[in-house]
Amino acid sequence: MIKFTKDSIIGVIGSGAMGSGIAQVASQNGHVVFLYDNKAEALTKSAANLKSTLSKLVEKQKISQGDSDSILKNVHFVSDLNDLKVCDLVIEAIVENLEIKQKVFAELDQITKPDCVLATNTSSLSVTSIASSVKDAGRVIGIHFFNPAPLMPLVEIIPGIATNTEITEQCVSIISGWKKVTVVCKDTPGFIVNRVARPYYGEAMRIYEEGIADIPTIDWAMKEIGGFKMGPFELTDLIGHDVNYVVTETVWKQFYFDPKFKPSLCQKRLVEAKYFGRKSGKGFYNYVEGVTVPEPKKDMKLGNQIFVRIISMLINEAYDALYMNVASAKDIDLAMTKGVNYPKGLIEWGNEIGLKNVLNELDRLRNEYNEDRYRANVLLKRSV
Ligand SMILES: NC(=O)c1ccc[n+]([C@@H]2O[C@H](COP(=O)([O-])OP(=O)(O)OC[C@H]3O[C@@H](n4cnc5c(N)ncnc54)[C@H](O)[C@@H]3O)[C@@H](O)[C@H]2O)c1
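Note that this is a predicted model, so its numbers are computed, not measured.

> Honestly, the packing of aromatic side chains in this entry has me stumped. Any pointers?
The description of two aromatic rings rests on the distance between their centres and on the angle between their planes. Applying the stated criterion to the full structure yields twelve aromatic pairs. On the numbers, 4.9 Å between centres and 85° between planes, the contact of Phe 228 with Tyr 342 is edge-to-face. Of this pair, Phe 228 sits in the loop between helix 9 (215-224) and helix 10 (232-239) while Tyr 342 sits in the loop between helix 14 (329-339) and helix 15 (346-353), and the two are 114 residues apart along the sequence. The residues Phe 228 and Tyr 342 share a single accessibility class, namely buried. Ring plane angle 85° and centroid distance 4.7 Å describe the contact between Phe 233 and Phe 284, whose orientation is recorded as edge-to-face. In this pair, Phe 233 sits in helix 10 while Phe 284 sits in the loop between helix 12 (265-272) and helix 13 (300-323), placing the two residues 51 residues apart along the sequence. Each member of the pair, Phe 233 as well as Phe 284, carries the same accessibility label: buried. Members of the aromatic cluster, each reached through a chain of ring pairs, are Tyr 200, Tyr 201, Phe 228, Phe 307, Tyr 342 and Trp 349. Arg 206 extends its terminal NZ or CZ atom over the ring of Tyr 369, reaching a point 4.8 Å from the ring centre.

> Can you walk me through the site of the ligand in this structure?
The local shell around the ligand holds 23 residues, among which Met 18, Asp 37, Glu 96, Lys 101 and Ser 123 are the closest. Between the ligand and the protein, one listed contact pairs an oxygen atom with a side-chain N or O atom of Lys 39 at 3.5 Å. Across the complex, the protein chains shield 76% of the 830 Å² of accessible surface that the ligand would expose by itself. For the shell around the ligand, the elements supplying multiple residues, two or more each, are helix 1 (17-28), helix 4 (98-111) and strand 6 (140-145). With three residues, helix 4 is the largest single contributor of residues to the shell around the ligand.

> Honestly, the sheet that holds strand 8 (residues 181-184) in this entry has me stumped. Any pointers?
Whenever strands of a sheet pair, they do so through backbone hydrogen bonds, lying parallel or antiparallel. If you trace the eight strands from one edge of the open sheet to the other, you get 3-2-1-4-5-6-7-8, paired in mixed fashion. The outermost strands of the open sheet, each flanked by one partner alone, are strand 3 (75-78) and strand 8. Along the sheet, successive strands turn relative to each other by an average axial angle of 25°, direction set aside. Sheet topology places strand 4 (residues 89-92) next to strand 5 (residues 117-120); four bridges connect them, and they run parallel. Following the sheet pairing, Glu 92 is matched in strand 5 by Thr 120.

> Would you take a moment to explain the packing of helix 14 against helix 15 for this structure?
Between helix 14 and helix 15, whose axes approach to 7 Å, the crossing angle comes to 100°. Regarding the angle of helix 14 to helix 15, the classification is roughly perpendicular. Residue-level contacts link Ala 329, Asp 333 and Met 336 of helix 14 to Leu 346, Ile 347 and Glu 348 of helix 15. A breakdown of the residues in the contact of helix 14 with helix 15 according to their chemical character gives four nonpolar, no polar and two charged.

> So what exactly am I meant to see when it comes to unusual backbone geometry here?
Leaving glycine aside, a negative phi is the common case for residues, and trans is the common case for peptide bonds. That bond from Asn 147 to Pro 148 is cis: its omega, -5°, falls within 30 degrees of zero. Note that Pro 148 resides in the loop between strand 6 and strand 7 (154-159). A positive phi is found at Lys 274, a non-glycine position, where the angle reads about 65°. Tracing the backbone shows Lys 274 in the loop between helix 12 and helix 13. For Asn 325, which is not glycine, the phi torsion reads 60° and is therefore positive. Checked against the element boundaries, Asn 325 lands in the loop between helix 13 and helix 14.

Calculation rules
Residues numbered from 1 in each chain as written. Predicted model: local features only at pLDDT ≥ 70, side-chain atom pairs only at ≥ 80, totals over all residues. Heavy atoms only, no water. Phe/Tyr/Trp six-rings, centres within 6.5 Å; stacked < 30°, edge-to-face > 60°. Helix = DSSP H or I, 4+ residues; strand = E, 2+ residues; numbered from the N terminus. Buried < 20%, exposed > 50% of the residue type's maximum accessible area, 1.4 Å probe, protein only. Lys NZ or Arg CZ within 6 Å of the ring centre and 35° of its normal. Near = heavy atom within 4 Å. Polar contact = N/O pair within 3.5 Å; in protein donor to acceptor, adjacent residues only side chain to side chain. Areas by Shrake-Rupley, 256 points an atom, 1.4 Å probe, with all protein chains shown as cover. Pairing = 2+ DSSP bridges. Axes fitted to C-alpha atoms, helices over the stretch in contact; angles between N-to-C directions. Parallel < 35°, antiparallel > 145°, perpendicular 65-115°, else oblique. Contact = heavy atoms within 4.5 Å. Nonpolar A, V, L, I, M, F, W, Y, C, P; charged D, E, K, R; others polar.

Structure follows, in structure tokens:
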């Protein structure tokens, strides 16, 4: 049985945004890291980025020059997967494609030591399905970092149905040792964060599509009344609609087309137009220089209606995750505050607002629209 220590060697596959960040975190915590990518340019870019990130940290006196040198020395950028044979833990962060991931895991099965733990950083695929390509699926687990990995405190640990309990415990222990907040969750679509956060985007887009309020007003309401750092439209513009839309669609499909998760046509059109958000200069907002941002209608009555509708849907989803044993109430609240910077955990927020008020809002929506989307979770109902 593997026991991770400071001397454990970490492998990371995929040197893109996530893999590079994970390699940096592991190296900063004293591990020797082998970072592999099948594209030479990706490795070169990752090495250059790490160097520049570390020199900025030295400039800001966050780390010493000595620390920077040893972090850099600890990361080996490799172009041969066989170099990962010495690893004790391998974290895969390649393209989000089940077949490609399964192929890489099957190769890792041959290359790595039999007790090496194989982890995937997938956001939306089933850990169990990735694990099925490895003979001993007991050594495969999900370790889901958030972007950017060196800065975001949350890591979701997701055992698949075959994962050995000791491996889950070992992973929680090593990742917590990297000063991350870990939450353990069941292998279900979207895990905690990418499931529970869906109504923040979906219900906001629905309100906009119905013409109840415009985009700046909905963003204003969620920031001003809800205390969120970014409104749903600003946030999806930042995440990128290509990425955000695919996560929504994947979660919806994996939940057998549950209408709660139904994607929004207004976002689909943005993706079709390649209006991906900030990165392409246009999304729900226009980022071209000189264009003025439209003003919200700062109408408190309307703002409160928007906030109550979206927050009720979010709290309902948090209760659904709790009821379906995805994670504990404590971990669901931790996940939303540490993974997506919510001002409060949703279970706590529900108690503050009053679950009776949340249920009233859900019942009002259910009666008005006669849609299953607005059904209140049974645990929430029982708790009232
Ligand atoms: N970007 C995010 O916000 C985020 C957050 C959490 C989890 N994730 C997940 O992390 C994973 C990586 O995402 P990313 O944003 O870093 O992607 P990315 O596109 O930035 O990087 C992926 C890297 O993997 C490499 N790659 C692709 N196929 C490969 C293969 N067969 N073998 C080796 N290398 C290969 C590519 O060359 C690329 O460098 C995905 O599963 C994604 O769902 C992403």
